[in-house]
Amino acid sequence: QVQLVESGGGLVQAGGSLRLSCAASGSIFSISVMGWYRQTPGKQRELVAAITSGGGTNYADSVKGRFTISRDNGKNTVYLQMNSLKPEDTAVYYCNLQFLRQFDYWGQGTQVTVSS
């Protein structure tokens, strides 16, 4: 059983920054792939960033150079540092844990709103 709890969302002005956190329960965090996804009304959920157990990262083209994903295995927590935020970044951001390429767990999401 894995539970993910996101935090750090909120309202921010364009050009500002936010840091999202996702705290995971369970004992498989350190060997799992962690990711951040986002979804807006009328759009499919899209991958924003992912980080492997070994620290390799992958980013959506739209956020490269602005967002940074990191993980702290000692705290079972993954972070998404979001800089230079744009109104189009407005979405509900979801934390995802993937284990053995077969099991996926999701947080409930945290709202990020960027005003212009």
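Above this note sits the structure.
Here's what I pulled together on the structure shown here. (Residues numbered from 1 in each chain as written. Predicted model: local features only at pLDDT ≥ 70, side-chain atom pairs only at ≥ 80, totals over all residues. Heavy atoms only, no water.)

### Digging into the pairing of strand β5 (residues 46–51)
The line we're drawing: Two strands are said to pair when DSSP picks up at least two bridges between them. Only DSSP runs of H or I reaching four residues or more are called helices, and only runs of E reaching two or more are called strands; each is numbered from the N terminus.
Pairing analysis gives five bridges linking strand β4 (residues 33–39) to β5, with the strands arranged antiparallel. The residue of β5 that forms the bridge with Gly35 is Ala50. Between β4 and β5, which pair antiparallel in sequence order, lie six residues; one of them, Gly42, sits at a positive phi of approximately 85 degrees. Sheet analysis places β5 next to strand β6 (residues 57–59), joined by three bridges and oriented antiparallel. Of the residues in β6, the one forming a bridge with Ala49 is Tyr59. Between the antiparallel neighbours β5 and β6 lie five residues, among them Gly55 with a positive phi of about 100 degrees.

### As for the pattern of salt bridges
Between side chains of opposite charge, a pair can form as their charged atoms come close. Just so we agree on the cut-off: Salt bridge criterion: a side-chain nitrogen from Lys or Arg within 4 Å of a carboxyl oxygen from Asp or Glu. Buried residues are those whose accessible area, probed at 1.4 Å on protein chains only, stays under 20% of the maximum for their type, while exposed residues exceed 50% and partly exposed ones sit between those limits.
The tally for this structure, following the rule as stated, stands at four salt bridges. Measuring nitrogen to oxygen at the nearest pair gives 2.8 Å for the salt bridge that ties Asp89 to Arg66. Here Asp89 is found in the loop between β8 (77–82) and β9 (91–99), whereas its partner Arg66 is found in the loop between β6 and β7 (67–72), with 23 residues between them in sequence. Note on accessibility: Asp89 and Arg66 belong to one class, buried. Each of Arg38, Glu46, Arg66 and Asp89 takes part in one network of salt bridges that share partners.

### A few points about the packing of aromatic side chains
Just so we agree on the cut-off: Two aromatic rings, drawn from Phe, Tyr or Trp (for Trp, its six-membered ring), form a pair once their centres lie within 6.5 Å of each other, and the interplanar angle then sorts them: stacked below 30 degrees, edge-to-face above 60, tilted otherwise. Either the NZ atom of lysine or the CZ atom of arginine qualifies as a charge over a ring when it sits within 6 Å of the ring centre and within 35 degrees of the ring normal.
Taken as a whole and assessed by the stated rule, the structure comprises two aromatic pairs. We note Arg45 situated over the ring of Tyr94; from NZ or CZ to the ring centre the distance is 3.7 Å. One Lys or Arg, Arg71, reaches over the ring of Phe29 and ends 4.6 Å from the middle of that ring.

### Observations concerning the pairing of β4
When β4 meets β9, the two strands line up antiparallel, connected through seven bridges. Looking at β9, one finds that Val33 is bridged to Gln98.

### As for the nonpolar core
Selection rule: Only buried residues count toward a nonpolar core, which is a set of Ala, Val, Leu, Ile, Met, Phe, Trp, Tyr and Cys residues joined through side-chain atoms within 4.5 Å. Contacts are residue-level and defined by heavy atoms, with any inter-residue pair within 4.5 Å sufficient.
In this structure, Trp36, Val78, Leu80, Met82 and Tyr93 are the most contacted members of the largest nonpolar core, which totals 30 residues. Elements represented by at least two residues in this core include exactly β3 (18–24), β4, β5, β7, β8, β9 and β11 (110–115). In terms of residue count, the dominant contributor to this core is β9 (five residues). Leave out the neighbours within four places in its chain, and Leu80 touches Leu18, Arg19, Leu20, Trp36, Val48, Ala49, Phe67, Thr68, Ile69 and Tyr93.

### Section: the sheet that holds β7
We apply this condition: Convention adopted: a line fitted to C-alpha atoms gives each axis, helices being fitted over their contacting stretch, and angles between N-to-C directions are expressed from 0 to 180 degrees.
Strand order across the open sheet formed by four strands is β1-β3-β8-β7, with antiparallel pairing between neighbours. Since the sheet does not close on itself, it has two edges, and those belong to β1 (4–7) and β7, each with one partner. For this sheet, the mean angle separating the axes of adjacent strands, direction not counted, is 15 degrees. As defined by bridge partners, β3 adjoins β8 across six bridges and the pair is classed as antiparallel. Counterpart to Arg19 in the pairing with β8 is Gln81.

All we've got here are geometric facts, nothing functional implied.
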